[in-house]
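# A closer look at the structure
The primary structure of each chain is shown beneath.
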Amino acid sequence: MSGAIIVSPLERIGEMAARHGCRQMISLMAAGHDFARPGMIDRHLVLRMNDIAFAGAGDLVAPERAHVDQIIDFARQWAGDGPLLVHCWLGVSRSPAAAMIAALAIAPDIDEDALAKALRAASPSATPNKRLVALGDEALQRGGRLAAAVKAIGRGRECRLNAPFRLDLDDLAIVRLRHR
């Protein structure tokens, strides 16, 4: 395993793709939020959902297991030809959750607590979407450990726009010996 995941708000995806040499991107945006894909992105997954932690109502689309399955499949097919770029509107809730799911999909020996702490260190304002985290925990058969690790780091500080961050997967390759 090698690589990194860049988490970004929408308004900085072009800059982050160019700066970090990203060729693949996951976008988690609400329906109707159109955006331009950076030209250097060769492979792109667009998931339409709102940043909500409940089942959805009216026009709101909740994160669903199908979304998580697509994140997992996309991450497992990541070519490693540069960091994976993951973004949502602000880069605070949906994309940090998706980045954690992607990291565990491609590197299952990463310790959930170490991943959550690395996320918090990289982004004091990140507050991963609880519904995505719970669905990812279930899909990846983490036995509640991912959800518990995210709960342990708590809610992030008040959101600051323009705060992309990087998760280096090589630094997180911590074998989960205590869980085996």
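As a starting point, this report considers the structure included with it. Everything quoted here is computed from the prediction, not taken from an experiment.

Below, the discussion takes up the sheet that holds strand 2 (residues 24–29). Taking strand neighbours across the sheet as the criterion, the five strands line up as 3-2-4-1-5 in an open arrangement whose pairing is mixed. The open sheet has two edge strands with one neighbour each: strand 3 (43–48) and strand 5 (165–168). Here the strands of the sheet are splayed against their neighbours by 15° on average, with no regard to which way each runs. Where strand 1 (residues 4–9) lies against strand 5, four bridges are found, and the strand directions are antiparallel. Looking at the pairing, Ala4 lines up with Asp168 of strand 5.

Here we come to helix 5 (residues 130–139). Listed in full, the buried residues belonging to helix 5 are Leu132, Val133, Leu135, Gly136, Asp137 and Ala139. Among the residues of helix 5, the N-terminal cap falls to Asn129, whose side-chain oxygen and the backbone nitrogen of Arg131 are separated by 3.0 Å. Immediately downstream of helix 5, the backbone of Gln141 shows phi near 55°, a positive value.

Two side chains that carry opposite charge are able to pair once their charged atoms sit near each other. Inspection of the entire model under this criterion finds nine salt bridges. Where Arg19 meets Glu15, a salt bridge forms, and the shortest distance between an N and an O atom there is 2.8 Å. Placement of both Arg19 and Glu15 in helix 1 (residues 13–20) is noted, with a separation of four residues, approximately one turn of the helix. On the accessibility criterion, Arg19 (56% relative accessible area) is exposed. By relative accessible area, Glu15 is classed as partly exposed at 32%. The partner of Glu138 in a salt bridge is Arg65, and the shortest N-O contact between them spans 3.1 Å. Separated by 73 residues along the polypeptide, Glu138 in helix 5 and Arg65 in helix 2 (residues 65–76) bring together distant segments of the chain. Several salt bridges share partner residues, and in doing so they unite Arg12, Glu15 and Arg19 into one network.

Moving on, we come to the packing of helix 2 against helix 3 (residues 94–106). Put simply, helix 2 and helix 3 touch, their axes get as near as 8 Å, and they point 50° apart. In this view, helix 2 runs oblique relative to helix 3, as classed from their interaxial angle. In the packing of helix 2 onto helix 3, the handedness of the crossing is right-handed. Seen from helix 2, the contacting residues are Val68, Ile71, Ile72, Ala75 and Arg76; seen from helix 3, they are Ala98, Ile101, Ala102, Ala105 and Ile106. Looking at side-chain class alone, the contact of helix 2 with helix 3 contains nine nonpolar, no polar and one charged residues.

Calculation notes
Residues numbered from 1 in each chain as written. Predicted model: local features only at pLDDT ≥ 70, side-chain atom pairs only at ≥ 80, totals over all residues. Heavy atoms only, no water. Pairing = 2+ DSSP bridges. Helix = DSSP H or I, 4+ residues; strand = E, 2+ residues; numbered from the N terminus. Axes fitted to C-alpha atoms, helices over the stretch in contact; angles between N-to-C directions. Buried < 20%, exposed > 50% of the residue type's maximum accessible area, 1.4 Å probe, protein only. Polar contact = N/O pair within 3.5 Å; in protein donor to acceptor, adjacent residues only side chain to side chain. Salt bridge = Lys/Arg side-chain N within 4 Å of Asp/Glu carboxyl O. Parallel < 35°, antiparallel > 145°, perpendicular 65-115°, else oblique. Left-handed = near helix turned anticlockwise from the far one by under 90°. Contact = heavy atoms within 4.5 Å. Nonpolar A, V, L, I, M, F, W, Y, C, P; charged D, E, K, R; others polar.

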